[in-house]
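# Overview (structure and organization)
One-letter residues, chain by chain:
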Amino acid sequence: MEKKYFDPADLKKFGNITEWQEAMGKKFFDWYGEVFKEGALTEREKALIALAVAHAEACPYCIDAYSSTCLEKGADEEQMMEAIHVAAAIKGGATLVNGVQMMNHVKKLSM
Amino acid sequence: MAIKQRSKSLKSRGDGLSDTFFQLQVLNGKQATDAQFPKFVDTIASNGYTDLKPVPLEIFQINIGKLCNQTCAHCHVDAGPDRKEENMDKATLERCLDIIASVPSIHTVDITGGAPEMNPHFRWFVAEVRKLGKKVIDRCNLTIVVANKKYHDLPDFLAQHQVQVVSSLPYFSKSRTDSQRGDGVFEASIQALKMLNAVGYGKEGTGLTLDLVYNPSGAFLPASQETLQAEFKRQLKRKYAIDFNSLYAITNLPISRFLDYLLQSGNYAEYMEKLVEAYNPATVDGLMCRNTISVSWDGYLYDCDFNQMLDLKVAAKGQHLNDFDIASLQNRPIVLNQHCYGCTAGAGSSCGGEIA
Ligand code: SF4
Ligand code: SF4
């Protein structure tokens with residue numbers, strides 16, 4: 001059988017990480033659950049943030065999971081794509097803003 | 001405003017799924033898929049419900065016909081403009097009136113379809129039910145109001161008879177609405193909602209109730225009703241100055257055209273798995289089949305509109321209006337099958353939205 005690095009079915013086994021470190025794993029999942037509950041932000045807004053971060057992190061598990069969650073929480077395609085643009089803009093901006101650091105350094109070394 | 005349908009009825013396509021027996025075979029993993037899921041009856045039995053029994057009958061739901069001006073992709077009735085044969089006649093409606101008058105516990109007559117207003121006896125029937133002092137619900141698809149001049153005065157008629165209007169609007173955006181219900185449906189729906197608002201529907205202090213129904217445009221479950229309602233209210237007011245009373249979040253049941261969509265798109269097994277995983281025992285007591293009887297255009301009796309579309313008749317002595325026997329109906333076991341997982345997922349789902 002061909003071995004895949006990413007198997008969508010593995011997402012369901014995420015909970016199994018507690019098998020090898022129960023106390024920490026449990027704390028993580030409790031906290032995770034708490035984070036995504038409705039608070040100052042709605043569940044839909046949190047799902048959109050999660051989707052954006054999932055793209056920035058390029059995590060295929062999280063992209064699948066939060067694409068579904070966004071739909072289920074009532075977000076539409078336009079909102080989801082805008083969220084990804086926000087992630088992309090920050091990633092692009094974060095790369096480019098470091099250009100100032102490069103410029104500073106080059107200027108210091110140059111006559 | 002022209003509506004362009006994206007699909008046709010299963011019946012007009014000659015699709016195998018228009019056969020209800022075939023649908024039940026699919027749901028039980030014997031046709032089209034070998035995906036197996038725990039039996040719904042076993043699942044609820046594990047919570048102590050070995051026989052699901054009704055409570056006193058409160059809602060008399062009539063599917064007055066399958067004729068509709070739309071052909072929505074998810075329609076569990078397989079309704080459409082081609083379904084001209086299946087419409088309730090006046091004699092059957094008169095029989096309904098006799099029964100409604102004779103059972104005091106019935107407080108609401110819920111009229112659905114198809115587009116119920118396309119039945120030629122619709123207005124007469126509504127007026128007669130109101131004379132009996134019962135509440136009337138019209139499950140109105142909105143676009144019918146603007147589909148033809150003869151329906152333009154529907155808002156006035158419904159207001160005059162104080163009918164509760166319950167209307168589908170899958171989303172407050174055009175793309176989501178039209179992908180499910182047909183191109184042009186969103187704009188026509190907005191126009192109809194404005195006409196309903198204009199006669200007082202959805203407005204405070206008028207006593208005229210306009211509720212909306214949200215159901216997901218795809219193979220996913222609905223968000224919480226409360227969150228969706230707040231979002232719909234905000235967006236419809238902001239974009240179109242539209243008001244409504246409540247929003248019902250309804251889960252799509254895996255039958256008829258939605259089942260066809262699930263199979264065609266390769267989402268069937270995953271969707272069933274979602275429903276099964278989201279099973280919530282707290283919804284069982286409030287299932288709509290417990291206080292409702294559903295009547296088909298030809299007068300047969302069912303536990304709900306979904307069972308009607310699967311041709312699962314009531315397990316009681318009289319299965320037709322002509323043999324209506326309230327005592328036997330109140331004692332019947334409700335007929336359950338795999339599609340019932342759609343009613344018990346998450347916060348539950350019924351014609352009135354969430355259950356738990
Ligand atoms: S879902 Fe309603 S409006 Fe759409 S085709 Fe079916 S009956 Fe008609
Ligand atoms: S589909 Fe829902 S309402 Fe109908 S019998 Fe099953 S549980 Fe009851």
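What you see is a predicted model; the values in this text were computed from it and never measured.

## Here's the deal with the overall build of chain A
A count of helical and extended segments in chain A gives five helices and zero strands. Shown N-terminal to C-terminal, the secondary structure of chain A runs as helices and strands in the order α-α-α-α-α. The C-alpha radius of gyration computed for chain A amounts to 19 Å, which surpasses the reference 13 Å derived for 111 residues by more than 25%, pointing to a less compact arrangement than a globule. Here chain A, with 111 residues, has 17% of them falling under the buried criterion. Taking the intrachain contacts of chain A between residues at least 6 apart in sequence as the baseline, contacts between residues at least 24 apart amount to 47%. Of the accessible surface of chain A, which amounts to about 8,500 Å², a share of 65% is contributed by carbon and sulfur atoms. When the 13 positive and 17 negative side-chain charges of chain A are each reduced to one mean point, those points stand 8 Å apart.

## Side note on the overall build of chain B
Tallying secondary structure elements over chain B gives 15 helices and eight strands in all. Relative to the compact-globule value of 21 Å for 356 residues, chain B shows a C-alpha radius of gyration of 19 Å, a close match. Over its C-alpha atoms, taken along the principal directions, chain B stretches across nearly 50 × 45 × 40 Å. Looking at chain B residue by residue over its 356 residues, the buried ones come to 58%. Within chain B, the 39 negative side-chain charges are centred at a point lying 5 Å from the centre of the 37 positive side-chain charges.

## A short note on the nonpolar core
In this structure, B:F60, B:F125, B:Y201, B:F232, B:L236 and B:Y268 are the most contacted members of the largest nonpolar core, which totals 106 residues. Non-local contacts of B:Y201, meaning those with residues more than four positions away in its chain, are made with B:P155, B:L158, B:A159, B:Q162, B:V163, B:V165, B:L196, B:L208, B:T209, B:L210 and B:D243. Grouped together as the second largest cluster of nonpolar side chains are 11 residues, A:A50, A:Y66, A:C70 and A:A87 included.

## Some remarks on the site of ligand 2
Around ligand 2, the neighbouring residues are B:L253, B:L287, B:M288, B:C289, B:C304, B:F306, B:N307, B:I334, B:V335, B:H339, B:C340 and B:C343. Taken together, the residues of the shell around ligand 2 break down into 10 nonpolar, two polar and no charged.

## Here's the deal with the interface of chain A and chain B
Across the contact, 11 residues belong to chain A and 15 residues belong to chain B. Counting each side, the surface lost to burial between chain A and chain B is near 1,000 Å², with a carbon and sulfur contribution of 42%. At the surface where chain A touches chain B, the tally comes to four salt bridges. Between B:E231 and A:R44 there is a salt bridge, and its shortest N-O distance comes to 3.0 Å. Counting the contacts that link chain A with chain B gives six residue pairs in polar contact (both at pLDDT 80 or more). Those elements giving two or more residues to the side of chain A that touches chain B turn out to be α3 (60-72) and α4 (77-97) of chain A. Of the residues that constitute the side of chain A that touches chain B, the class distribution is two nonpolar, two polar and seven charged.

## Here we look at the packing of aromatic side chains
All names here are of chain B. Going through the model one piece at a time under the given rule, you end up with 18 aromatic pairs over all chains. Ring centres 5.5 Å apart and planes at 35 degrees place the aromatic pair F258 and Y261 in the tilted group. Separated by three residues within a single helix, F258 and Y261 lie in helix α11 (residues 256-264), roughly one turn from each other. F258 sits in the buried class, given a relative accessible area of 2%. Since its relative accessible area comes to 30%, Y261 is described here as partly exposed. Residues F258 and Y271 carry aromatic rings whose centres are separated by 5.3 Å and whose planes lie at 70 degrees to one another, so their mutual orientation is edge-to-face.

## A look at the environment of B:A315
Residue and element names in this part refer to chain B. Relative to the elements of secondary structure, A315 occurs in the loop between α13 (305-309) and α14 (326-330). Using a relative accessible area of 39% as the deciding quantity, one classes A315 as partly exposed. Sequence spacing of A315 and Y302 is 13 residues, and the spatial spacing of their C-alpha atoms is 8.5 Å. Every residue in contact with A315, bar those within four places of it in the chain, is listed here: R332, P333 and V335.

## Details of the confidence of the model for chain A
Put simply, chain A has an average pLDDT of 93, and 98% of its residues get 70 or more. Confidence, expressed as mean pLDDT per element, reaches its minimum in chain A at α3(A) with 94 and its maximum at helix α2 (residues 43-56) of chain A with 97.

## Concerning the pattern of salt bridges
All names here are of chain B. A full pass over the atoms with the stated rule returns 25 salt bridges over all chains. In this structure, K11 engages E86 in a salt bridge whose closest nitrogen and oxygen atoms are separated by 3.4 Å. Within this pair, whereas K11 is found in helix α1 (residues 10-13), its partner E86 is found in the loop between β1 (59-63) and α4 (90-102), the two being separated by 75 residues in sequence. Accessibility expressed as a relative area gives 8% for E86, which makes it buried. Residues R257 and D78 are paired through a salt bridge, measuring 2.7 Å at the closest nitrogen-oxygen approach.

## Examining helix α10 (residues 225-240) of chain B
Its 16 residues place the ends of α10(B) 21 Å apart at the C-alpha level, agreeing with the 22 Å of an ideal helix rising 1.5 Å per residue. When α10(B) is considered as a whole, its buried residues turn out to be B:Q225, B:L228, B:E231, B:F232, B:Q235 and B:L236. Each buried residue of α10(B) lies within a common arc of 130 degrees when the element is viewed along its axis, so the set occupies one face. Exposed side of α10(B), more than 90 degrees from the buried face: B:E226 and B:R238 are the residues found there. On its buried face, α10(B) is in contact with α2 of chain A together with α9 (185-198), β5 (210-214) and β6 (247-249) of chain B. A positive phi of about 55 degrees marks B:A241, the residue just after α10(B).

Criteria and thresholds
Residues numbered from 1 in each chain as written. Chains lettered and ligands numbered in written order. Predicted model: local features only at pLDDT ≥ 70, side-chain atom pairs only at ≥ 80, totals over all residues. Heavy atoms only, no water. Helix = DSSP H or I, 4+ residues; strand = E, 2+ residues; numbered from the N terminus. Rg over C-alpha atoms; globule rule 2.2 N^0.38 Å. Buried < 20%, exposed > 50% of the residue type's maximum accessible area, 1.4 Å probe, protein only. Contact = heavy atoms within 4.5 Å. Areas by Shrake-Rupley, 256 points an atom, 1.4 Å probe, with all protein chains shown as cover. Lys, Arg positive; Asp, Glu negative; His and termini not counted. Charge placed at Lys NZ, Arg CZ, Asp CG, Glu CD. Core = buried A, V, L, I, M, F, W, Y, C linked by side-chain atoms within 4.5 Å. Near = heavy atom within 4 Å. Nonpolar A, V, L, I, M, F, W, Y, C, P; charged D, E, K, R; others polar. Buried area = accessible area lost by both parts, 1.4 Å probe. Salt bridge = Lys/Arg side-chain N within 4 Å of Asp/Glu carboxyl O. Polar contact = N/O pair within 3.5 Å; in protein donor to acceptor, adjacent residues only side chain to side chain. Phe/Tyr/Trp six-rings, centres within 6.5 Å; stacked < 30°, edge-to-face > 60°. pLDDT = per-residue confidence, 0-100. Expected span 1.5 Å × (residues − 1). Arc of directions from axis to C-beta.

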